[in-house]
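For reference, the chains in residue letters:
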Protein chains: 2
Amino acid sequence: MMRGRELVNRIAAVCLTVLAALSLASPAQAEDGYDLWLRYAPLEGEALERLEAFDPVSVTNSGAYDDPIVRTAVEELHRGLEQLLGRKLSPMGEENGIVWLECKFDDDEVPSGSFGIGSGDVPANREGIQLVGVDPVGCLYGVYALLRELSQGADPFAISTISTPAMPLRMLNHWDNPDGHVERGYAGRSIFDWWHLPERLDQRMIDYARANASIGINAVAVNNVNARAMMLEKRYIEKLARLADAWRPYGIRVFLSARFSAPRDIGGLDTADPLDPRVAAWWQAKADEIYAAIPDFGGFLVKANSEGQPGPQDYGRTHADGANMLAEALRDRGTVIWRAFVYSAEDETDRAKQAYEEFVPLDGQFADNVIVQVKNGPIDFQPREPFHPMFGAMPNTHLMLEAQITKEYLGFASHLAFLAPMWEEVLDADTGHGATVAEVVSPVGMAGVGNTGSDRNWSGSDFDQANWYAFGRLAWDPTLSSEQIAREWAAQTFSREEPFLDAVVPMMLESREAVVDYMTPLGLAHLMATGHHYGPGPWVCDLGRPEWNPCYYHRADAEGIGFDRTVTGSDALSQYAPQVAAEWEDVATIDPAYLLWFHHVAWDHPMPTGRSLWAELVHRYDRGVAKVDEMAEIWTGQQEFVDPQRFRAVTENLAIQQAEARWWRDASIAYWLSLNGLDLPEGVQPPAESLEYYRSLSFPEAPGN
Amino acid sequence: MMRGRELVNRIAAVCLTVLAALSLASPAQAEDGYDLWLRYAPLEGEALERLEAFDPVSVTNSGAYDDPIVRTAVEELHRGLEQLLGRKLSPMGEENGIVWLECKFDDDEVPSGSFGIGSGDVPANREGIQLVGVDPVGCLYGVYALLRELSQGADPFAISTISTPAMPLRMLNHWDNPDGHVERGYAGRSIFDWWHLPERLDQRMIDYARANASIGINAVAVNNVNARAMMLEKRYIEKLARLADAWRPYGIRVFLSARFSAPRDIGGLDTADPLDPRVAAWWQAKADEIYAAIPDFGGFLVKANSEGQPGPQDYGRTHADGANMLAEALRDRGTVIWRAFVYSAEDETDRAKQAYEEFVPLDGQFADNVIVQVKNGPIDFQPREPFHPMFGAMPNTHLMLEAQITKEYLGFASHLAFLAPMWEEVLDADTGHGATVAEVVSPVGMAGVGNTGSDRNWSGSDFDQANWYAFGRLAWDPTLSSEQIAREWAAQTFSREEPFLDAVVPMMLESREAVVDYMTPLGLAHLMATGHHYGPGPWVCDLGRPEWNPCYYHRADAEGIGFDRTVTGSDALSQYAPQVAAEWEDVATIDPAYLLWFHHVAWDHPMPTGRSLWAELVHRYDRGVAKVDEMAEIWTGQQEFVDPQRFRAVTENLAIQQAEARWWRDASIAYWLSLNGLDLPEGVQPPAESLEYYRSLSFPEAPGN
């Protein structure tokens with residue numbers, strides 16, 4: 001016989017079991033990917049018991065802060081704990097809280113956002129978790145860090161961490177146009193509903209901010225760098241202000257891509273010359289107008305004199321002239337982020353050299369609130385590039401890294417390619433100027449070109465969510481390993497079961513190299529089809545400007561292949577520090593990964609593996625295809641760990657990737673064969689179709705163009 | 001003291017309470033509108049008790065059918081009952097089922113999809129619900145009908161119905177382009193992911209089919225009538241086949257919009273002349289190719305010789321020549337749906353007359369598997385039009401009604417306008433040829449231009465879901481009242497609470513008239529801005545073709561306003577049956593709703609209300625604005641019944657509508673004032689801004705263009 005209290009406990013226990021069973025029984029409906037890595041899937045077993053050991057569980061906000069960010073932090077902690085526990089928390093109160101938040105202490109030395117988590121005494125003389133933030137946003141980041149650990153099944157009392165962001169600006173750049181089209185977007189339409197703003201704020205805008213905050217992102221440029229001047233008009237400032245209001249409680253500042261010719265386009269002036277006082281006054285007034293609506297407006301992101309965009313060179317002025325004029329308008333309030341991605345019609349020597357040539361001479365000339373944003377490599381987000389030679393070469397300029405999260409050149413949203421290893425590669429690169437790339441940009445920041453869209457899973461595929469996640473995590477801490485990032489992402493996103501993680505994490509880590517292998521092995525680059533960049537087009541050689549053509553980059557002929565960037569060629573190597581250049585200039589010792597980026601070599605060039613270059617090239621294509629087959633097989637084995645909807649989605653994407661890896665491999669080999677007239681190495685499968693077939697394929701509706 | 005069994009029952013009862021509380025406690029997360037009217041929100045109180053009285057509840061599939069549609073029906077019934085009960089059902093079996101499905105009986109007289117529901121004996125000599133379908137899809141429709149009733153709280157034993165579809169073809173037309181843009185789409189990007197098909201099938205495609213099946217829709221034309229020939233190519237047929245496979249278990253057949261010039265565009269011929277044997281052979285082969293992949297392919301939808309589209313007239317042939325050639329290619333397998341929406345550059349008399357003039361002389365010439373699809377009114381989906389004069393005028397031709405669900409002319413996705421009353425108006429119209437419009441089209445069908453998009457709520461706003469729903473319900477049964485449709489939709493979509501329904505249903509029913517009032521009162525039409533059709537543009541008069549200009553339609557000047565379509569004008573009235581024409585030709589007796597559609601009258605024309613035309617016009621504008629204000633107020637009172645996310649979304653949309661209703665009213669009045677030089681009636685608010693201001697507004701990024 002049971003007494004009343006026992007009975008109630010028993011009922012509660014049964015209910016919890018029922019609840020857990022229900023939430024586990026029907027994952028198909030809920031698991032459409034919208035929740036990203038913030039699923040907070042109910043804990044089970046030991047992990048659940050450990051968290052349940054806190055009885056009652058609740059959250060105490062120690063301070064009496066009426067701070068919107070602290071409120072966000074408390075709400076998120078409640079939400080996360082309730083989902084992890086599979087039940088409601090007790091009401092919040094000092095008496096029973098196990099997580100004790102302290103969201104402010106006076107220390108200017110510690111960067112904003114820093115936090116510490118550890119166990120210790122909490123009020124009412126009980127043991128609990130102390131979470132201390134240097135400021136409100138530190139508490140918010142701390143909450144997400146705590147939930148990240150708990151979601152992976154960590155023992156609450158074993159969590160002990162002090163964390164500080166490595167760089168102040170952790171930013172997403174969106175190439176979203178106001179009409180909803182996303183340039184190089186593969187996840188549907190833009191998430192920004194400019195049409196209905198400011199009156200209507202889509203819930204997605206709040207969930208987006210939440211996802212960003214959870215990985216430390218604190219700044220967003222909301223529109224395409226190929227900007228429309230219209231977005232500087234009053235009606236768009238009103239729209240932007242509503243976004244800024246919605247994002248402020250998540251610690252996110254808004255930036256706007258600004259069209260340099262705006263004073264002429266919408267300002268009624270006949271010039272946009274940065275040295276014209278009327279132009280400067282127009283921008284000053286515009287900045288004042290924006291700050292009146294958005295007191296914490298971040299600033300302007302500018303693409304100038306590149307790919308047809310207007311800029312200061314239109315008036316014989318330098319990038320510094322242009323950037324500094326805008327910086328003056330933003331002074332003491334915001335930042336000008338000026339992109340170094342430039343290539344102009346005049347310079348035909350080597351596109352890889354242009355940014356360095358235009359910018360390095362300006363070192364020291366940029367105002368203090370100007371940041372120059374430099375892509376990871378000197379060309380354009382290829383599957384592999386050497387690091388950009390500007391890093392380390394402008395010691396008196398604030399440099400920021402620009403990475404591309406959306407996979408313009410790595411298989412759009414269907415190919416599985418985890419990009420953390422690529423970014424790790426560039427961040428860890430020693431510039432030869434006394435610092436790694438990570439060390440060069442850490443005082444400033446990192447920007448990632450976003451991969452979000454209207455697709456329910458945000459990024460067009462479930463695994464592309466990992467790249468958004470990884471970008472944020474690396475911007476917070478570039479020393480994190482790709483493996484750790486993959487593991488924590490996969491555990492939160494799919495399943496915290498060890499066998500799942502042990503299978504999927506290695507697959508993720510190898511996935512980007514597979515893409516390099518089947519698309520552009522051995523330092524090749526920019527071999528994709530014209531315009532949309534979908535699929536192989538190494539044969540393209542008839543476009544208006546030389547550097548638009550894949551043949552410009554591979555320079556293959558009957559004798560050999562590769563771009564000579566040594567002193568006998570374009571001499572782009574000389575833009576690197578001497579010891580870096582020395583490492584790469586010897587064709588015998590260079591890392592084969594960069595061989596054809598820097599050297600033109602014969603087809604029979606002997607490789608370190610003992611194979612000829614030709615045999616090695618074919619070997620790499622085959623290796624890439626085989627890796628994708630292996631990935632598909634690994635995934636097939638994960639069915640028990642993943643809900644049916646996402647399992648099928650990933651399965652179907654991998655089937656696309658398998659087919660397209662073969663397409664890349666076959667089309668590329670067919671083309672090289674047409675040039676070099678060689679036989680295929682023994683045992684190698686010939687291309688499935690003729691070169692003519694591959695050349696005949698056309699995809700006028702390819703997305704993102 | 002309780003015994004074991006009692007304890008278990010008690011625990012179960014408590015658990016259910018907990019479950020119900022939980023599902024009600026956190027609606028904010030789930031309620032993003034994706035579930036449409038298929039939420040199956042847990043029952044409470046008496047309704048729950050009544051359903052629980054069946055113990056155990058389960059579903060029995062009486063036959064041993066291994067039919068995919070029956071499987072869908074059984075799954076849906078399980079899912080629906082479990083959600084309504086808030087618990088799992090017992091395993092399915094003959095012994096314990098309360099719903100007894102019988103999905104086939106031999107009666108060719110009864111239309112496919114018919115079903116009956118009633119209580120009676122089910123196996124094991126217990127009382128239960130018998131659901132009988134004439135065929136598998138009849139069972140499916142019966143299941144949705146049963147769940148619709150239960151969702152509204154009906155007593156299971158009181159449900160007794162026999163239902164038969166009024167028309168065989170209940171169809172959606174999508175104006176979706178393969179690149180993802182939706183012409184006149186206001187809900188984001190296309191739901192069709194052509195890019196990843198056939199390999200990847202988005203879950204949305206299944207949920208879309210489910211939503212359609214639940215309201216009886218059985219056919220979908222997947223692409224824009226402004227069609228790309230590319231979509232007839234092999235790779236698109238493969239994509240389409242995957243969709244057809246996914247939709248077949250929901251009783252939905254796919255149709256394709258076909259570009260008439262395809263034999264020339266992609267077929268390698270130098271002509272698309274329908275009488276050229278090579279052209280006929282090309283289409284025959286194309287049809288064979290499609291049927292090999294999709295055995296139940298529905299057929300082609302064609303927009304020919306209209307707005308620049310190619311067609312048989314390009315070769316001096318008639319619409320019948322073109323349609324019949326395609327019909328021959330589809331013979332015994334599918335249908336050609338040929339749109340009657342034509343207007344050509346040559347005819348400048350009256351755009352409203354052209355379709356009738358081109359098609360009526362062809363009556364009797366169309367093949368038996370050709371349907372001519374006629375818009376509800378003679379112009380183009382205006383907020384109000386008289387019914388199309390072709391209805392009833394082609395007794396020897398299969399005519400089908402085309403309605404527009406997407407609100408191109410009724411405020412896009414932000415304005416609340418429930419369209420059932422508009423469609424009821426046309427369906428109920430007596431053609432004067434011995435039948436109502438509903439009776440004319442019932443042997444054939446109805447098509448609605450879809451309003452779906454990638455937005456999470458499918459249609460861009462929660463209330464626009466009601467128009468999708470209403471279209472399907474009216475196509476099933478045109479005698480349903482708008483009120484019944486609104487009520488069942490609102491109960492399933494938001495709340496089944498009486499006070500909510502009593503407030504919201506009347507608001508819905510009056511909403512379309514409000515739009516007519518603030519946009520185009522008293523029979524005015526086509527006064528919107530150019531291209532995107534967003535906002536007022538009655539002043540536009542300089543476009544290349546006369547019928548592109550709003551001034552063509554309103555014909556206002558200092559003396560009067562309106563389009564004279566009587567015998568003294570374009571004589572479009574003569575296209576109607578004599579008694580209909582008689583009703584409308586007398587300016588004194590015509591329903592004021594159609595006055596300016598058929599008549600040009602003086603500003604001081606006395607109206608039945610005693611007001612002058614001018615005062616009546618202004619009165620209607622004001623009435624429309626006031627109605628929207630009232631709608632916003634009504635909605636404000638519904639907070640307790642609606643989850644926060646959707647409550648806010650609707651609230652924000654209504655704020656947009658309030659502002660834009662005023663904009664339409666003010667801009668229109670300002671313009672009429674500039675023509676007629678009259679004073680505003682006493683007590684009337686002058687426009688907030690000058691006419692110049694309204695003319696200066698520009699929205700280059702307006703959606704759907």
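Since the model is a prediction, treat every value here as computed from it, not as a measurement.

Engineer: I tried to follow the overall build of chain A on my own but got confused; where do I start?
Structural biologist: On a plain count of helices and strands, chain A comes out with 22 helices and 15 strands. By the compact-globule yardstick of 27 Å for 705 residues, chain A fits well, its C-alpha radius of gyration being 27 Å. Here the C-alpha coordinates of chain A stretch approximately 90 × 70 × 45 Å along the principal axes. Scored against the burial criterion, the 705 residues of chain A give a buried share of 63%. The contacts in chain A between residues at least 6 apart in sequence include a share of 74% that link residues at least 24 apart. Side-chain charges of chain A comprise 56 positive and 103 negative groups, with the mean position of each set lying 6 Å from the other.

Engineer: Got a minute to help me understand the state of the cysteines in this structure?
Structural biologist: In a disulfide, the sulfur atoms of two cysteines are covalently bonded to one another. Counted under the stated rule, the structure contains four disulfides over all chains. With its sulfur 2.0 Å from that of its partner, C541 of chain A forms a disulfide with C551 of chain A. Measuring handedness by torsion sign, the sulfur bridge of C541 of chain A and C551 of chain A sits at about 80° and is right-handed. Of the two residues, C541 of chain A sits in the loop between helix 16 (498-519) and helix 17 (550-554) while C551 of chain A sits in helix 17, which places them ten residues apart along the sequence. Disulfide pairing is shown between C103 of chain B and C139 of chain B; the S-S distance is 2.1 Å. Measuring the twist about the S-S bond at about -95°, one finds the C103 of chain B-C139 of chain B disulfide to be left-handed. With C103 of chain B in the loop between strand 2 (99-102) and strand 3 (115-122) and C139 of chain B in helix 5 (residues 136-151), this residue pair connects regions lying 36 residues apart in the sequence. Across this residue pair, the class does not change: C103 of chain B and C139 of chain B are buried. Sequential numbering of the bridged cysteines in chain A gives the disulfide pattern 1-2, 3-4.

Engineer: Help me understand the pairing of strand 8 (residues 253-257) of chain A in this model?
Structural biologist: The side chains of a regular strand alternate between the sheet's two faces. Residue and element names in this part refer to chain A. The element strand 8 is extensively covered by neighbouring structure, given that four of its five residues are classed as buried. Here three bridges tie strand 7 (residues 219-221) to strand 8, and the two strands are oriented parallel to one another. Residue A221 lies in a different strand from strand 8, and its bridge partner there is F255. At this point the chain moves from strand 7, through helix 7 (residues 234-247), to the parallel strand 8, and the crossover so formed is right-handed.

Engineer: Looking at this model, I keep getting lost on unusual backbone geometry. Mind explaining?
Structural biologist: Residues other than glycine predominantly adopt negative phi, and peptide bonds predominantly adopt the trans conformation. Cis geometry marks the peptide bond from L197 of chain A to P198 of chain A; its omega dihedral reads 0°. If you trace the backbone, P198 of chain A turns up in the loop between strand 6 (169-173) and helix 6 (203-214). Unlike most non-glycine residues, E307 of chain B shows phi in positive territory, near 50°. Relative to the assigned elements, E307 of chain B resides in the loop between strand 9 (299-302) and helix 10 (319-330). Given a relative accessible area of 37%, E307 of chain B falls into the partly exposed group.

Engineer: What is the right way to look at empty space enclosed by the protein in this model?
Structural biologist: Where empty space is left can be seen by rolling a probe of water-molecule size over the atoms. Empty space within the largest cavity amounts to approximately 590 Å³. D193, R200 and D202 of chain A together with D455 and R456 of chain B are, among the 37 residues lining the largest cavity, the residues nearest its centre. For the lining of the largest cavity, the elements supplying multiple residues, two or more each, are helix 6 of chain A together with helix 21 (644-676) of chain B. The dominant element in the lining of the largest cavity, judged by the number of residues it contributes, is helix 21 of chain B, at five residues.

Engineer: Help me understand the domain arrangement of chain A in this model?
Structural biologist: Accessible area lost upon the coming together of the parts is a frequently used measure of interface size. Residues and elements named next belong to chain A. Partitioning chain A into structural domains gives domain 1 (2-25 + 518-563 + 600-696), domain 2 (45-163) and domain 3 (169-493). Placing the centre of domain 1 and that of domain 3 at their C-alpha centroids yields a distance of 28 Å. Taken together, the contacts link 27 residues of domain 1 with 24 residues of domain 3. For the pair domain 1 and domain 3, the summed buried surface comes to about 2,100 Å²; carbon and sulfur atoms form 54% of the total.

Engineer: For this particular structure, what's the right way to read the sheet that holds strand 13 (residues 445-449) of chain B?
Structural biologist: Think of a sheet as strands paired side by side through backbone hydrogen bonds, with each pair either parallel or antiparallel. All names here are of chain B. Around the barrel, eight strands lie side by side as 6-7-8-9-10-11-12-13; this closed barrel has parallel pairing. Between one strand and the next, the sheet's axes are offset by a mean angle of 25°, whatever the strand orientation. In this sheet, strand 12 (residues 398-404) lies alongside strand 11 (residues 370-375) in parallel orientation, the contact comprising five bridges. In the strand pairing of strand 12, I371 is matched with H398. Most of the contacts of helix 10 go to strand 10 (residues 335-339), to which it runs at about 160°, and overall it touches strand 9, strand 10 and strand 11.

Engineer: Just to check I follow, could you spell out a negative patch on the surface for this structure?
Structural biologist: Residues and elements named next belong to chain A. Together, D430, E439, E583 and D591 line one region of the surface with negative charge. Position of D430 among the secondary structure elements: in the loop between helix 12 (420-428) and helix 13 (437-441). Relative accessible area serves as the criterion here: at 48%, D430 is assigned to the partly exposed category.

Engineer: Help me understand the packing of helix 14 (residues 465-476) of chain B against helix 15 (residues 482-493) of chain B, please; the structure alone is not making it clear to me.
Structural biologist: Angle between the axes and distance between the axes: these two values describe a pair of packed helices. All names here are of chain B. Interhelical geometry of helix 14 versus helix 15 gives an angle of 130° and a closest axis separation of 10 Å. In terms of their interaxial angle, helix 14 and helix 15 are classed as oblique. You can see that helix 14 and helix 15 cross each other, and the crossing is right-handed. Two secondary-structure elements touch here, helix 14 through Q465, A466, Y469, A470, R473 and L474 and helix 15 through Q484, I485, E488, W489, Q492 and T493.

Engineer: What exactly am I supposed to notice about the packing of aromatic side chains here?
Structural biologist: Any aromatic ring pair is given by two values, namely how distant the centres are and how the planes are angled relative to each other. As enumerated under the stated definition, the model contains 101 aromatic pairs over all chains in all. Arranged with centres 5.6 Å apart and planes meeting at 65°, the rings of F297 of chain B and F300 of chain B form a pair that is edge-to-face. By relative accessible area, which is 0% here, F297 of chain B ends up buried. According to the relative accessible area criterion, F300 of chain B is buried, its value standing at 0%. Aromatic side chains W423 of chain B and F471 of chain B sit 6.1 Å apart centroid to centroid with 85° between the ring planes, which places their arrangement in the edge-to-face category. Of the two residues, W423 of chain B sits in helix 12 (residues 420-428) while F471 of chain B sits in helix 14, which places them 48 residues apart along the sequence. For the residue pair W423 of chain B and F471 of chain B, the accessibility class agrees, reading buried in each case. An aromatic cluster is built from Y34, W37, F192, W194, Y208, Y236, W247, W458, W468 and Y469 of chain A, whose rings are joined through pairwise contacts.

What counts as what
Residues numbered from 1 in each chain as written. Chains lettered and ligands numbered in written order. Predicted model: local features only at pLDDT ≥ 70, side-chain atom pairs only at ≥ 80, totals over all residues. Heavy atoms only, no water. Helix = DSSP H or I, 4+ residues; strand = E, 2+ residues; numbered from the N terminus. Rg over C-alpha atoms; globule rule 2.2 N^0.38 Å. Buried < 20%, exposed > 50% of the residue type's maximum accessible area, 1.4 Å probe, protein only. Contact = heavy atoms within 4.5 Å. Lys, Arg positive; Asp, Glu negative; His and termini not counted. Charge placed at Lys NZ, Arg CZ, Asp CG, Glu CD. Disulfide = S-S within 2.5 Å. Pairing = 2+ DSSP bridges. Right-handed = clockwise from strand over helix to strand, strands pointing away. 1 Å grid on protein atoms, 1.4 Å probe; cavity = no way out; pocket = protein on both sides within 12 Å on 5 of 7 lines; lining within 4 Å. Points joined across faces, edges and corners; volume = space filled by probe spheres on them. Domains from an automatic or database assignment. Buried area = accessible area lost by both parts, 1.4 Å probe. Axes fitted to C-alpha atoms, helices over the stretch in contact; angles between N-to-C directions. Patch = residues over 30% accessible without salt bridge, like charges linked within 9 Å, V, L, I, M, F, W, Y side chains within 5 Å. Areas by Shrake-Rupley, 256 points an atom, 1.4 Å probe, with all protein chains shown as cover. Salt bridge = Lys/Arg side-chain N within 4 Å of Asp/Glu carboxyl O. Parallel < 35°, antiparallel > 145°, perpendicular 65-115°, else oblique. Left-handed = near helix turned anticlockwise from the far one by under 90°. Phe/Tyr/Trp six-rings, centres within 6.5 Å; stacked < 30°, edge-to-face > 60°.

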